[in-house]
Amino acid sequence: MTNYWLVLGIAVFTEIVWALSLKYVQLHPSPWIIAGSVGLSFLNMALLSFAMKGIPAGTAYAIWTGLGAVGVTIGGIIWFGDPLGAVRVFFLALIVTGVVGLKMAS
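Throughout, residues of each chain are indexed from 1 in the direction in which the sequence is written. Local features in a predicted model are, by the rule used here, given only for residues with pLDDT of at least 70; side-chain atom pairs are given and counted only at 80 or more, and totals for whole chains, interfaces and linings are based on all residues. Heavy atoms throughout the structure, all of them, feed into the side-chain values; hydrogens and water do not.

Put simply, the test is: UniProt positions are given in the numbering used here, feature names are shortened, and annotations may be inferred rather than shown by experiment.
An unreviewed UniProt entry lists the protein chain under the name Guanidinium exporter, from Jeongeupia chitinilytica. Note on the protein chain: under the UniProt heading Sequence similarities (unreviewed entry), the record states "Belongs to the drug/metabolite transporter (DMT) superfamily. Small multidrug resistance (SMR) (TC 2.A.7.1) family. Gdx/SugE subfamily." As stated in UniProt under Subcellular location (unreviewed entry), the record for the protein chain gives "Cell membrane".

1. Points about the nonpolar core
Stated precisely, the cut-off is as follows: To define a nonpolar core, start from buried Ala, Val, Leu, Ile, Met, Phe, Trp, Tyr and Cys residues and group those joined through side-chain atoms within 4.5 Å. Residue exposure (1.4 Å probe, protein chains only): buried if accessible area is under 20% of the type maximum, exposed if over 50%, otherwise partly exposed. Secondary structure counts use DSSP, requiring at least four H or I residues in a row for a helix and at least two E residues in a row for a strand, with both numbered from the N terminus. We call two residues in contact when some of their heavy atoms are within 4.5 Å.
Core analysis: the largest hydrophobic core is formed by 15 residues, its most contacted members being Leu8, Ile55 and Trp64. Only helix 1 (2-27), helix 2 (31-51) and helix 3 (57-80) provide two or more residues apiece to this core. For this core, the leading source of residues is helix 1, giving 7 residues. Apart from residues lying up to four places away in sequence, Leu8 is in contact with Leu48, Ala51, Ile55, Ala60, Ile63 and Trp64.

2. Details of helix 1
Heads up, the condition is: Helix span is expected to be 1.5 Å times the residue number reduced by one.
Taking 1.5 Å of rise per residue, 26 residues should cover 38 Å, and helix 1 covers 38 Å from first to last C-alpha, within 8% of that figure. Of all the positions in helix 1, only Trp5, Val7, Leu8, Ala11, Val12, Thr14, Glu15, Ile16, Ala19, Leu20, Ser21 and Val25 are classed as buried. On its buried face, helix 1 is in contact with helix 2, helix 3 and helix 4 (86-105).

3. Notes on the side chain of Thr14
Summarising the element assignment, Thr14 is placed in helix 1. Every residue in contact with Thr14, bar those within four places of it in the chain, is listed here: Leu40, Leu43, Asn44 and Leu47.

4. Considering the packing of helix 1 against helix 2
Convention followed: The axes are straight lines fitted to the C-alpha atoms, using for helices just the contacting stretch, and the angles between their N-to-C directions are given from 0 to 180°. Angles are sorted into four bins: roughly parallel if under 35 degrees, roughly antiparallel if over 145, roughly perpendicular if 65 to 115, and oblique for all others. By definition, turning the near helix anticlockwise from the far helix through less than a right angle yields a left-handed crossing, and turning it clockwise yields a right-handed one. Following the grouping adopted for this structure description, the nonpolar residues are Ala, Val, Leu, Ile, Met, Phe, Trp, Tyr, Cys and Pro, the charged ones are Asp, Glu, Lys and Arg, and the polar ones are all others, Gly among them.
At a minimum axis separation of 8 Å, helix 1 and helix 2 run at an interaxial angle of 155 degrees. Relative to helix 2, helix 1 is oriented roughly antiparallel. The interaxial crossing formed by helix 1 with helix 2 has left-handed handedness. For the contact of helix 1 with helix 2, the residue count by class is 18 nonpolar, 5 polar and 1 charged.

5. Points about the UniProt feature "transmembrane region" (unreviewed entry) in the protein chain
Sequence positions flagged by UniProt for "transmembrane region" (unreviewed entry) are, in local numbering, residues 29-48, 60-80 and 86-105. Summarising residues 60-80: 100% helix, 0% strand, and an end-to-end C-alpha distance of 28 Å.

6. Topic: helix 2
Compared with the 30 Å implied by 1.5 Å per residue over 21 residues, the 30 Å span of helix 2 between its first and last C-alpha is a close match. Tucked inside the fold, the buried residues of helix 2 contact helix 1 and helix 3.

7. Re the environment of Val96
Along the chain, the position of Val96 falls in helix 4. The exposure class assigned to Val96 is partly exposed, which follows from its relative accessible area of 34%.

In structure tokens, the structure reads:
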């Protein structure tokens, strides 16, 4: 069971890098960057699919999307100058709380 959670963690990381790569493609389009983004997409889906072999689909997907959204938001703030405010931090904290609750419940 631990291996599935580890794979899900890698899938979350891959999701974050993939989503940020989409923004990077818009700023610096090139065939190699686009190919990297497409490759990350396939790897991302394969990892999520494998994790779902040992984790309930709804739990895996909610954690993947939730932590992915938090990671992309933080990455956007750090690398692309996206805005950050108290309300945004509050709702990101709610997402993390929900993810922790799902992990504890499964």
